[in-house]
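Structure assessment
Residues per chain are reported as follows:
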Amino acid sequence: MLLPDESFSVGQSTMQCYIEAERLKIGFVALCTKGKAELVIDNESVILHRHRSLFIMPGTMFLFKSCSSDFRVRYFAFSADLFAETTYRLPIDFLHELKGNPLQDISEAGEHKLNLWFQMLEYNYRDKEHHFRETIVKNRLQNALLEVCDKLLRRPGNKIIIEEPTSRKRDLFQQFIKLVSTHYREEREVSFYAQELCISTRYLSSIVRLTTNHTAKDIIDHAVVLEIKMLLRSTRLSVQEIAYQLHFPDQSYLGRFFRKHTGKSPTEFRKQEQ
């Protein structure tokens, strides 16, 4: 969906390039135009069909499981860097809400508006000589996200907090998340990430707690658990092979880690998902 030298792309797709489970390095907005498909997003199975849209952030665990023969989507894909620059000032709570609810039912009027949005992005995508092409695209994405955020803020029982940590703390938190998505397979200790950021472990922990209400170790372990679940569900790798791939000392260590976070052994989880 996105070539190595592109920061964004727009088009139509069957999405079958994602038949292998992976943690995405890109994000995308998709609108189903025909048929339906079963997807696995951060280990949750969902159905995408007409009158449904999908918003996927970089770093999401994603698997294309199955689809009807006529399945098609219209999409706008973007790099992790473009997304980070676009969402820098948006409330963290709002981004968490988007990540936790990637699939949305939309009305015919909403679908019409989304198609018009795709048309504008397609025009920008084709005009590769435009000096401000990427800035315009970032503004289009940010404006769309601000509209969604406003609707959520008006919703009864809204819990999104607009006040943000200082820009320095926000920047460190985003760098931490990027480091986790790059190194979680090999590094599971908070001290490694603190050292990479040139700050103390205590200070990193306080930033993550302030921003997410979770510990830094929670964030790291959550990424690892999602990876183990996806490998158990969508590959034939043995538990020992998964332990080796994720740099655990042995399969027993991985088993204890997995049971601690899920209440099940890897073998029990795999049997349940088959």
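So, a few notes on the structure that sits alongside this text. Note that the structure is predicted; figures quoted are calculated from it, not measured.

Bringing the overall build of the protein chain into the picture now. Of regular secondary structure, the protein chain possesses 11 helices and 9 strands. For a compact globule of 274 residues, the expected C-alpha radius of gyration is about 19 Å, and the protein chain comes in at 20 Å, within 12% of that figure. Considering only C-alpha atoms, the protein chain reaches an extent of 55 × 50 × 45 Å along its principal axes. For the protein chain, buried positions account for 45% of its 274 residues. Intrachain contacts of the protein chain at a sequence separation of at least 6 include 72% that bridge at least 24 residues. Accessible surface, the protein chain as shown: approximately 15100 Å² in total, 50% of it carbon and sulfur. In the protein chain, 39 side chains carry a positive charge and 35 a negative one; their mean positions are 3 Å apart.

The next subject is the packing of aromatic side chains. A complete count under the given rule lists 17 aromatic pairs for this structure. Seen from their ring centres, Y18 and F28 are 6.4 Å apart, and the 10° between their planes marks the pair as stacked. Placement of Y18 in the loop between β1 (8–13) and β2 (22–23) and of F28 in strand β3 (residues 26–34) is noted, with a sequence separation of 10 residues between them. For F28, a relative accessible area of 0% corresponds to the buried category.

So, on to helix α2 (residues 92–100). Those residues of α2 lying buried are I92, F94, L95 and L98. End-on view of α2: buried residues confined to an arc of 160°, all on one side of the axis. In the core, the buried residues of α2 are packed alongside β6 (52–56), α1 (80–87), α4 (133–154), α5 (167–183) and α7 (201–212).

Our next topic: unusual backbone geometry. You will see that N213, though not glycine, has its phi angle at about 65°, which is positive. Within the fold, N213 resides in the loop between α7 and α8 (216–234). Its identity is not glycine, yet H247 carries a phi of approximately 60°, on the positive side. Tracing the backbone through its elements, the reader meets H247 in the loop between α9 (239–245) and α10 (251–262).

This brings us to the sheet that holds β6. Ordered in space as β1-β8-β3-β6-β9, the 5 strands form an open sheet in which the pairing is antiparallel. Lying at the two open borders of the sheet, with one neighbouring strand each, are β1 and β9 (103–105). The average undirected angle you get between the axes of adjacent strands in this sheet is 15°. Pairing of β1 with strand β8 (residues 72–79), which is carried by 6 bridges, proceeds in the antiparallel orientation. If you follow F8 over to β8, its bridge partner there is F78. Its contacts with the sheet place α1 against β1, β6 and β8, and it is angled at close to 75° to β8.

Calculation rules
Residues numbered from 1 in each chain as written. Predicted model: local features only at pLDDT ≥ 70, side-chain atom pairs only at ≥ 80, totals over all residues. Heavy atoms only, no water. Helix = DSSP H or I, 4+ residues; strand = E, 2+ residues; numbered from the N terminus. Rg over C-alpha atoms; globule rule 2.2 N^0.38 Å. Buried < 20%, exposed > 50% of the residue type's maximum accessible area, 1.4 Å probe, protein only. Contact = heavy atoms within 4.5 Å. Areas by Shrake-Rupley, 256 points an atom, 1.4 Å probe, with all protein chains shown as cover. Lys, Arg positive; Asp, Glu negative; His and termini not counted. Charge placed at Lys NZ, Arg CZ, Asp CG, Glu CD. Phe/Tyr/Trp six-rings, centres within 6.5 Å; stacked < 30°, edge-to-face > 60°. Arc of directions from axis to C-beta. Pairing = 2+ DSSP bridges. Axes fitted to C-alpha atoms, helices over the stretch in contact; angles between N-to-C directions.

Scope: geometric values only; no functional claims are made or implied.
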